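The chain contents come next:
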Amino acid sequence: MNTDPPADGTPTAPPAATRPRRPAPDPQPAEATLRHLLERTLADPAAAPLLVLLEGEAGRGRSTLATRLCADLPVPARTRPDALGGPPPTGPLLLLAEDVHRAAAADADALRALLAAPPPGLACVLTYRPEELPEPGLPLGPATDYPAALTVVRHVLGPLTVADVRRRAAAALGPDHGPPGLAAHLHRAAGGNAQVVADLLGPATAASTAAALTAGTDPAPPPRLCALVLRRTAALSAGHRAVVHAAAVLDGPATAADLTGTAGLTPAEARTALLAALRTAALQDLGDGRYGFGVPLAAAALRAHLPGPDREDLHRRAARVLARRQPVPWERVAAHRLACGDLRGWLPAVEHAARRHIDDGGLERAVGLLESALATGPVPEHARSRLATLLARAAVMGLRSDRTVEVLRHIVADPGVAPAVRGEIRLDLGLLLCNQMGRCVEGLRELEHSVGELQGQPVLLARAMSALAMPYWPGGSLAENTAWIERAVTVAEQADDPVVRAAVAANRASVLLSTGDPGAWPLVDALPRESGLVAARQQAARGLCNAADAAVWLGHYERSRALLGEGVALAARSGASYAEHTGRACTLVLDWASGRWAGLAARAGALVDEAGAMPYIASDARMVLGLLALARGSWADTAVHLTGPDTIDLDGGPVPLSATISGALVRLALARDDLPAAAAEAATAWQRMRAKGVWAWAAELAPWAVEATARSGAVAAAREMTAEFAAGLEGRDAPSAEAALHWTRGALAEAVGDAAGAARHHGAAARLYAALPRPYHAALTGTAAARCTLAAGGPAEAAVAALAENARRFEALGATWDAACTRAELRGRRPAEERRTPGRPGYGDLLSPRETEVAQLAAGGMTNREIAAALHLSPRTVEQHVARAMQKTGAQSRQQLAPGPEAAD
């Protein structure tokens, strides 16, 4: 849950789309069509002659394609037109002439002569680089002519697609070849050039390429590309090279005017130089009046070979040229000023660029730029304070790493920083620690400290107080949270700032809604979704996503889904990336609670993978994975997802997540018949709930905690816990907790031997859960109600039917363990006439229903003893089932036990 974003600034739009590199070619035949044309021509001695022109810039793969086209044809390819000699050939003839842009005069003459009067059955394939033709568009020079009898097909090889590059990267680096954006980054850097991609992914360079791309930097230009760009530049006269050097320093599509100013040439000189560079292919026409390198890495290759003083002059002129644009591309100006050593001009450009990114929605880019600036050499104190303040504001709304935290910590520890500035930076540091980093004990300490430093600054003071009001975090009781929000409301009214009012209103709605106060809904409805201030809309997006999260824990699933749709969309539009992420995480919890489990594990896993170096922001996703694994009986995975590396600290993490995870851990210990561990976890978790006092959040904990406490012999404590839970829900609008209260009372009654009372309470819980709807919990409590009904001597037929129906519901959800346990209960409760006749049926190579159940649980990591307890079997019987299942499926270990075809029961 997001406690508060920055007081101003917002993200809105991504960078402009990349411009096309050149006009789109004419529609081209597919490779299979070219092959078919060649085969048809060579199969018929009287066929009309065929000319295939394979056109492609350097590195596009012309030779590779030509080799594939001409391989294994019925006529072997000849490669020298002057070797034909004598009278015109008869019969099928295949001629392959590569790189005709470099053809000697005699070879070009021979080709022209052959094509001027082509014999029947001739198939000729010519390859060439269009950028190196002596006469543009004429592969065989000015005398190129194609007679009417000749069929001419032109195939232009374009760049690789991102999908092509992804396949090649996977082949070179393995299926797990880096972050999701690696292929797209490689595609951009190489310009889709097949040869450059191949060179970057070669055996000697693949590892360094992957490392650079993973770090977000471009790989080093490969030697072949360096040689090509340097050779083409060297072919120009010294006076003409300046425009190519200017393009290398500008490092992107540039107008003729940009090149002119950066090169330091007059317009006439620059025009002459640009024409010469285009003729030699040192530069390319990229379309839309812009020029540059077809392969972006070529610019880096050329820059590396420029003498330092010349390169600095080019950067200085480039900065002046770009600073005259409207709007000014400040990030590029800053880079050029830094490159030429103009530190006085660099820092203002960095600040302008960061503010522009924040206003335009590029929070991540702003933070990266500011982090880099603050870490680059000595920065004057006045500039450092301004940049650090900007960094803190942007980081709170974005998704940042430990690097940002360390930069901000270093600044607040500096005694030379003004107290007011330190307080503002400390405020955002505290928010960053709580929200993105999960270090809320530290974060709350920073927030409390900032309150003392922000006296006299009501806007910032209100933000700090409203953040301290959020009950989502441990460390303060609900009464303390309420006091903080009341103080924040008073200060915000005095501040008369619409953005701060929106921030405080969002937090006030979250405080009330988290506790199940019905008065929160009008506050949610009043959030400024349509404000003219981007920062106020960010606060509204945050408030909507937080409200959706609170509604999930209360059990208002339809309202939560509607708020999520609105909040995530608004967060995306306003650039509130952290709020957008919390909304996506909340969707996972909502889908788990409401029984939308199809594909849920894959989506949760994807969110965990996206978190990367910031594992804390995937806490909801890890919790969902653990809960799903528990329902499947994958207990080893359950422990990893709920208590393994990168999971939250239950004492310092979000209270509702800690309570839910503890409930799952108590249930797991009960299933393993480890009562001491179950009771200990229950006692610790209950103490955390008691300290916070938001009893609506005990819904996922209370039934299991009370059961564990009562079964361990502490019945009086279990009764006290149940009463405390009930008292905390009085007057609260918390449908999920109301259902859980009945379940808790049922668990207590069952533990003390009151089967009839347990059946009544479990049945009430099942009906309430079904109405929410919460199908998994409805099935759990419905199964418990049926079990207790049978134990109390109630109507057996209806109870057995309920067990059968709930087993089907568990199976439909994918709750393998629960389904197996319920079927085991059902087998022991069926009336005698419904039981199978004595004698074990033969299933052949098919798994029996019991073997299937055992195999699924064994593959999930359960031991034979645990499976035996779950299915009411003996460990010896389980051992036999596992052995037969491994034999039938060919599994070499329990983990490989993927059940084969199952026989009908």
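This text goes with the structure placed above it.
We now turn to the structure provided with this report.

Considerations on the overall build of the chain
Thought 1: Broken down by element type, the chain carries 42 helices and eight strands.
Thought 2: Expressed as a percentage of its 905 residues, the buried residues of the chain come to 54%.
Thought 3: Put simply, of all contacts in the chain between residues at least 6 apart along the chain, 67% involve residues at least 24 apart.
Thought 4: Element-wise, carbon and sulfur atoms account for 55% of the exposed surface of the chain, whose accessible area totals about 37100 Å².

Re helix 19 (residues 419-435)
Thought 1: An ideal rise of 1.5 Å per residue puts 24 Å on 17 residues; helix 19 measures up with 24 Å between its terminal C-alpha atoms.
Thought 2: Of all 17 residues in helix 19, 14 are buried, a share of seventy percent or more.

Let's talk about the packing of aromatic side chains
Thought 1: Under the criterion given, the structure shown has eight aromatic pairs.
Thought 2: With a centroid separation of 5.1 Å and 90° between ring planes, the pair formed by Trp635 and Trp817 is classed as edge-to-face. In this pair, Trp635 sits in helix 30 (residues 635-643) while Trp817 sits in helix 39 (residues 816-829), placing the two residues 182 residues apart along the sequence.
Thought 3: In this structure Trp817 comes out as buried when scored by relative accessible area, which is 6%.
Thought 4: With centroids separated by 5.2 Å and ring planes inclined at 45°, the aromatic side chains of Trp686 and Trp695 adopt a geometry described as tilted. In this structure, Trp686 and Trp695 share a single accessibility class: buried.
Thought 5: Among the aromatic residues, those joined into a ring-pair cluster are Tyr472, Trp473 and Trp697.
Thought 6: Sitting over the ring of Trp521, Arg559 keeps its end group 4.0 Å from the ring centre.

Some thoughts on the packing of helix 9 (residues 241-250) against helix 10 (residues 256-263)
To characterise two packed helices, one gives the angle between the axes of the helices and the distance between these axes.
Thought 1: It is the contact of helix 9 with helix 10, at a shortest axis distance of 8 Å, that shows an interaxial angle of 105°. When the interaxial angle is binned, helix 9 and helix 10 end up roughly perpendicular. When helix 9 is examined against helix 10, the residues Ala242, Val243, Ala246, Ala247 and Leu250 are found in contact with a partner set consisting of Asp258, Leu259, Thr262 and Ala263.
Thought 2: Here the residues of the contact of helix 9 with helix 10 are counted per class, giving seven nonpolar, one polar and one charged.

Some details on the pattern of salt bridges
Thought 1: Summed over the entire model, instances satisfying the criterion amount to 36 salt bridges.
Thought 2: Close ionic contact of Glu442 with Arg409 constitutes a salt bridge, the shortest N to O distance being 2.5 Å. Here the residue Glu442 occupies a position in helix 20 (residues 440-453), and Arg409 occupies one in helix 18 (residues 402-412), the gap between them amounting to 33 residues.
Thought 3: Residue classification places Arg409 among the partly exposed positions, given a relative accessible area of 22%.
Thought 4: Among the salt bridges present, the one from Glu805 reaches Arg809, with a minimum N-O distance of 3.4 Å.

Section: the environment of Ala169
Thought 1: Inspection of the secondary structure puts Ala169 in helix 4 (residues 162-173).
Thought 2: For Ala169, a relative accessible area of 0% translates into the label buried.
Thought 3: Taking the C-alpha atoms as reference, Ala169 lies 8.7 Å from Leu182; in sequence the two are 13 residues apart.

Some details on the sheet that holds strand 6 (residues 254-255)
Thought 1: Read across the open sheet, the three strands follow the order 6-8-7; overall the sheet is antiparallel. Two strands in the sheet have a free side with no partner beyond their single neighbour: strand 6 and strand 7 (284-287).

Details of the pairing of strand 4 (residues 122-128)
Strand residues, when the strand is regular, have side chains that alternate between the two faces of the sheet.
Thought 1: Most of strand 4 is tucked away, with seven of its seven residues classed as buried.
Thought 2: Taking every second residue as pointing to the same face, both faces of strand 4 are buried, with Leu122, Cys124, Leu126 and Tyr128 on one and Ala123, Val125 and Thr127 on the other.
Thought 3: Across six bridges, the pairing between strand 1 (residues 50-55) and strand 4 is parallel. Opposite Glu55, over in strand 4, you have Tyr128 as the bridge partner.
Thought 4: With five bridges connecting them, strand 3 (residues 93-97) and strand 4 associate as parallel partners. Within the sheet, the bridge partner assigned to Leu95 lies in strand 4 and is Cys124.

Some remarks on unusual backbone geometry
Thought 1: The step from Gln326 to Pro327 runs through a cis peptide bond, and the omega angle for that step is -5°.
Thought 2: Along the polypeptide, Pro327 turns up in the loop between helix 13 (308-323) and helix 14 (330-339).
Thought 3: Omega for the bond connecting Leu772 with Pro773 falls within 30 degrees of zero, at 0°, which places this linkage in the cis form.
Thought 4: Tracing the backbone shows Pro773 in the loop between helix 36 (755-771) and helix 37 (775-791).
Thought 5: Positive phi outside glycine occurs at Asp251, with the angle close to 55°.
Thought 6: By the element assignment, Asp251 lies in the loop between helix 9 and strand 6.
Thought 7: Backbone geometry places Asp673, a non-glycine residue, at a positive phi of 60°.
Thought 8: Topologically, Asp673 is positioned in the loop between helix 31 (655-671) and helix 32 (675-692).

Conventions adopted
- Residues numbered from 1 in each chain as written.
- Predicted model: local features only at pLDDT ≥ 70, side-chain atom pairs only at ≥ 80, totals over all residues.
- Heavy atoms only, no water.
- Helix = DSSP H or I, 4+ residues; strand = E, 2+ residues; numbered from the N terminus.
- Buried < 20%, exposed > 50% of the residue type's maximum accessible area, 1.4 Å probe, protein only.
- Contact = heavy atoms within 4.5 Å.
- Areas by Shrake-Rupley, 256 points an atom, 1.4 Å probe, with all protein chains shown as cover.
- Expected span 1.5 Å × (residues − 1).
- Phe/Tyr/Trp six-rings, centres within 6.5 Å; stacked < 30°, edge-to-face > 60°.
- Lys NZ or Arg CZ within 6 Å of the ring centre and 35° of its normal.
- Axes fitted to C-alpha atoms, helices over the stretch in contact; angles between N-to-C directions.
- Parallel < 35°, antiparallel > 145°, perpendicular 65-115°, else oblique.
- Nonpolar A, V, L, I, M, F, W, Y, C, P; charged D, E, K, R; others polar.
- Salt bridge = Lys/Arg side-chain N within 4 Å of Asp/Glu carboxyl O.
- Pairing = 2+ DSSP bridges.

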